[in-house]
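Below, each chain spelled out in residue letters.
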Amino acid sequence: MATPPLQGHSRLAGLDGIRGLAALFVVLHHCWLTSFPGFPSDNGPMWAGWLLYGHFAVVVFIVLSGFSLAVGPSRHEWRLGGLARFGHRRAWRILPPYWMALVYSLIVAWTVVPQTDAGPPTAKSVVLYGLLIQDVFGSPSPNGAFWSIAIEAQLYVVFPLLLLVIRRFGAAVMTGAVTALVVAVGALSPVVPAVALLDRFTPQFAALFAFGAVAAGVVGGHWRAPAPWAAAVAAVPVVALIVVQGSVWTVNHYFWVDLALGPAVGLFLAALAAGRPAPLVTFLDTRPVRSLGSFSYSLYLTHAPLVVTLHELVVAPHVPKGMPAFLTMIALAVPASLLVAWGFAAVFELPFQRHRSWGALRAAIGERLRPSRRRTSTAAPPYEPERSATP
């Protein structure tokens, strides 16, 4: 049933907080991985077992990406507002920080320590990662977190098509068609080698992205917001399955677990957009959590080389594996990652949010370089309807 569009500020309270906490979870996950060898086996203490599943933070990012990008179109009968404009905004938002993080990651991998057992990045790595096609062809990775950025970029390409199907045939048809295609890939992949080649694209993320886009219809008034407890009801069976089956089974079945978890994340975001549950929305919109979200993309892009470097050069030679290494990594890597990401965002991310073209950016830089003139600051927009969720 259609309902009036959600009113109020363009920024939806809580979403930046979700981005920030999810990015921080990925940092903690990588600290866990360096401290307790044997992944996907859970060799850490029981209370820290949840940190093994950093992959699920990316699930949240992908659903949130579809949701965030669809907020604006959902308020305008699912119309995108122009392919060129959409493409420019996505490239302007994602590419400058990504390319600078790629340069930083390559320098660390070549001069300090490689990021994976595959060895230092090669010239092929530079080309593939620079063009965001690292999931198409294999090469040594300069940064263990970059794999999802290529998938995100590829989902941007299909996003206009998803909106077109919603506009022509409805959200149910779009979601059903995407999900059916993804399920077919998952079912055929183990027995059809040609289909198995699609696994490198993490095809279940297409369905998760679609779930998020449909959930954004709550903001545009296309359907009622779900009850706050609906997401928990949808998530409980998935969490129970993970607990019962264990980490090895879960990691080996991420395809199906992700698909099962996606609707719960979509329901959660829809409820959150409607301001429910209010205590959680209030927490997510507190200044520290919201601030974390403001540089979450930079945190995601820059933390992995730093975590690996601290482990290999500082922690591993002096601290035993297991809990001592984990606590040391938390004490060193988390604050260091936050500080580096904050500084990186101030230079390579936030200016591109505040100024939407090269001309505006050059003018702002010129103004900064004229100390004798009175400067006026341009505040970053509180929320971008076309902002992706990749942290």
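One structure accompanies this document, and this report is about it.

A look at the overall build of the protein chain
Right, on to step 1. When its secondary structure is counted, the protein chain shows 16 helices and zero strands.
Right, on to step 2. Here the C-alpha atoms of the protein chain give a radius of gyration of 21 Å, agreeing with the 21 Å that 2.2 N^0.38 yields for 391 residues.
Right, on to step 3. Taken along its principal axes, the extent of the C-alpha atoms in the protein chain is 65 × 60 × 45 Å.
Right, on to step 4. In the protein chain, the proportion of contacts linking residues at least 24 apart, taken out of those at least 6 apart, comes to 78%.
Right, on to step 5. By element, 70% of the accessible surface of the protein chain is carried by carbon and sulfur atoms, the whole surface being about 17600 Å².
Right, on to step 6. On the protein chain, the mean spot of the 26 positive side-chain charges and the mean spot of the 14 negative ones are 12 Å from each other.

Examining a nonpolar patch on the surface
Right, on to step 1. Taken together, the side chains of Val-112, Leu-313, Val-314 and Leu-332 define a hydrophobic patch exposed on the protein surface, amounting to about 300 Å² of accessible area.
Right, on to step 2. Note on placement: Leu-313 falls in helix α13 (residues 296-315).
Right, on to step 3. By relative accessible area, Leu-313 is classed as partly exposed at 49%.

With respect to the environment of Gly-44
Right, on to step 1. Within the element layout of this structure, Gly-44 appears in the loop between α1 (15-35) and α2 (55-74).
Right, on to step 2. Spatially, the C-alpha atom of Gly-44 lies 7.6 Å from that of Met-323, the residues being 279 residues apart in sequence.
Right, on to step 3. Residues contacting Gly-44, with those up to four places away along its chain left out, are Trp-32 and Phe-36.

A short note on the packing of aromatic side chains
Right, on to step 1. Following the criterion strictly, the structure yields 18 aromatic pairs and no others.
Right, on to step 2. With centroids separated by 6.1 Å and ring planes inclined at 35 degrees, the aromatic side chains of Trp-147 and Phe-205 adopt a geometry described as tilted. You can see Trp-147 sitting in helix α5 (residues 147-169) and its partner Phe-205 sitting in helix α8 (residues 204-215), a full 58 residues away along the chain.
Right, on to step 3. You can call Phe-205 buried: its relative accessible area is 0%.
Right, on to step 4. Over the face of the ring belonging to Tyr-156 we find Arg-90, whose NZ or CZ atom lies 5.3 Å from the ring centre.

A few points about the pattern of salt bridges
Right, on to step 1. Tallied over the entire structure, the rule returns three salt bridges.
Right, on to step 2. Measuring nitrogen to oxygen at the nearest pair gives 3.0 Å for the salt bridge that ties Glu-349 to Arg-93. With Glu-349 in the loop between α14 (323-348) and α15 (350-354) and Arg-93 in helix α3 (residues 83-111), this pair connects stretches of sequence that are 256 residues apart. The burial state of Glu-349 is the same as that of Arg-93; both residues are buried.
Right, on to step 3. Residue Arg-290 is joined to Asp-285 by a salt bridge in which the shortest nitrogen-to-oxygen separation is 4.0 Å.
Right, on to step 4. A relative accessible area of 29% places Arg-290 in the partly exposed class.

As for the environment of Thr-328
Right, on to step 1. Among the structural elements, Thr-328 can be located in helix α14.
Right, on to step 2. According to the relative accessible area criterion, Thr-328 is partly exposed, its value standing at 23%.
Right, on to step 3. Residues Thr-328 and His-311, spaced 17 residues apart in sequence, show a C-alpha to C-alpha distance of 9.2 Å.
Right, on to step 4. Here the side chain of Thr-328 touches Pro-324 through a polar contact of 2.7 Å, landing on its backbone oxygen.

Structural notes on α8
Structural remark: α-helix, 3.6 residues per turn; residues separated by three or four positions point the same way.
Right, on to step 1. The end-to-end C-alpha distance of α8, which contains twelve residues, comes to 17 Å, matching closely the 16 Å that a straight helix rising 1.5 Å per residue would cover.
Right, on to step 2. Three or more residues of α8 are buried, namely Gln-204, Phe-205, Ala-207, Leu-208, Phe-209, Ala-210, Phe-211, Gly-212, Ala-213, Val-214 and Ala-215.
Right, on to step 3. Of the surrounding elements, those touching the buried residues of α8 are α2, α5, α6 (171-188) and α10 (254-273).

Focus: unusual backbone geometry
Right, on to step 1. Geometrically, the link from Phe-39 to Pro-40 is a cis peptide bond, its omega value of 10 degrees lying close to zero.
Right, on to step 2. If you trace the backbone, Pro-40 turns up in the loop between α1 and α2.
Right, on to step 3. Even without glycine at this site, Trp-78 takes up a positive phi of about 65 degrees.
Right, on to step 4. Among the secondary structure elements, Trp-78 is positioned in the loop between α2 and α3.
Right, on to step 5. The buried category is assigned to Trp-78, whose relative accessible area is 5%.
Right, on to step 6. In the Ramachandran plot, Thr-202 falls in the positive-phi region, its phi being about 50 degrees despite a non-glycine side chain.
Right, on to step 7. Position of Thr-202 relative to the elements: it lies in the loop between α7 (193-196) and α8.
Right, on to step 8. Given the relative accessible area of 13%, Thr-202 is considered buried.

Definitions and limits used
Residues numbered from 1 in each chain as written. Predicted model: local features only at pLDDT ≥ 70, side-chain atom pairs only at ≥ 80, totals over all residues. Heavy atoms only, no water. Helix = DSSP H or I, 4+ residues; strand = E, 2+ residues; numbered from the N terminus. Rg over C-alpha atoms; globule rule 2.2 N^0.38 Å. Contact = heavy atoms within 4.5 Å. Areas by Shrake-Rupley, 256 points an atom, 1.4 Å probe, with all protein chains shown as cover. Lys, Arg positive; Asp, Glu negative; His and termini not counted. Charge placed at Lys NZ, Arg CZ, Asp CG, Glu CD. Patch = residues over 30% accessible without salt bridge, like charges linked within 9 Å, V, L, I, M, F, W, Y side chains within 5 Å. Salt bridge = Lys/Arg side-chain N within 4 Å of Asp/Glu carboxyl O. Buried < 20%, exposed > 50% of the residue type's maximum accessible area, 1.4 Å probe, protein only. Phe/Tyr/Trp six-rings, centres within 6.5 Å; stacked < 30°, edge-to-face > 60°. Lys NZ or Arg CZ within 6 Å of the ring centre and 35° of its normal. Polar contact = N/O pair within 3.5 Å; in protein donor to acceptor, adjacent residues only side chain to side chain. Expected span 1.5 Å × (residues − 1).

Distances and angles like these do not, on their own, reveal function.
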